Number of protein chains: 2
Amino acid sequence: MKARVTVMLKDGVLDPQGEAVRHALGALGFEGVTGVRQGKVIELDLADGTSDPEAEVRAMCEKLLANTVIESYRVEIG
Amino acid sequence: MKARVTVMLKDGVLDPQGEAVRHALGALGFEGVTGVRQGKVIELDLADGTSDPEAEVRAMCEKLLANTVIESYRVEIG
């Protein structure tokens, strides 16, 4: 079973990595990019017997994958 | 207009960051995670007048956002 976790900085939290990408795109001639946010995506292979995979993956996010003070996460199963 | 780019290491390319996450999950008692791959997600705000946003974002990927030797990317618009 596959699960995908997307972790992004919360709105309002400064994203220097995204800002750097925005500047670099401008320098390369890509006009019209008004904002960039960069986050991470984690793809998990789960053993098939996992009961309630969504709850399991959410627990992983809370304990390890996301810093919930400044980051939000989204879980997709399947 | 929003665009989302997901960049992952290609299959077969060693992913030490993903491996580290897998080990850490095991140490935290999450059994049954058989594989982890970590990538990045880049959310772009594009000016509304952008013609052919998908081609534009693909050009950004080829030039800056992805290292196409070892990474693959996926573009979603809207």
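Residues numbered from 1 in each chain as written. Chains lettered and ligands numbered in written order. Predicted model: local features only at pLDDT ≥ 70, side-chain atom pairs only at ≥ 80, totals over all residues. Heavy atoms only, no water.

What follows deals with the side chain of Thr50(B). Tracing the backbone through its elements, the reader meets Thr50(B) in the loop between strand 2 (33-46) and helix 2 (53-65). From its side chain, Thr50(B) meets the backbone oxygen of Ala47(B) in a polar contact 2.6 Å long. (Helix = DSSP H or I, 4+ residues; strand = E, 2+ residues; numbered from the N terminus. Polar contact = N/O pair within 3.5 Å; in protein donor to acceptor, adjacent residues only side chain to side chain.)

The next point concerns the packing of helix 1 (residues 16-27) of chain A against helix 2 of chain B. Running from amino to carboxyl end, helix 1 of chain A crosses helix 2 of chain B at an angle of 105°, the nearest separation of the two axes being 11 Å. Classed by the angle they form, the pair helix 1 of chain A and helix 2 of chain B counts as roughly perpendicular. Along its contact with helix 1 of chain A, which presents Val21(A), Ala24(A) and Leu25(A), the element helix 2 of chain B presents Met60(B), Leu64(B) and Leu65(B). Across the contact of helix 1 of chain A with helix 2 of chain B, the residue classes tally to six nonpolar, no polar and no charged. (Axes fitted to C-alpha atoms, helices over the stretch in contact; angles between N-to-C directions. Parallel < 35°, antiparallel > 145°, perpendicular 65-115°, else oblique. Contact = heavy atoms within 4.5 Å. Nonpolar A, V, L, I, M, F, W, Y, C, P; charged D, E, K, R; others polar.)

Bringing the layout of surface pockets into the picture now. The computed volume of the largest pocket comes to approximately 290 Å³. Of the residues belonging to the lining of the largest pocket, the class tally is six nonpolar, six polar and six charged. (1 Å grid on protein atoms, 1.4 Å probe; cavity = no way out; pocket = protein on both sides within 12 Å on 5 of 7 lines; lining within 4 Å. Points joined across faces, edges and corners; volume = space filled by probe spheres on them.)

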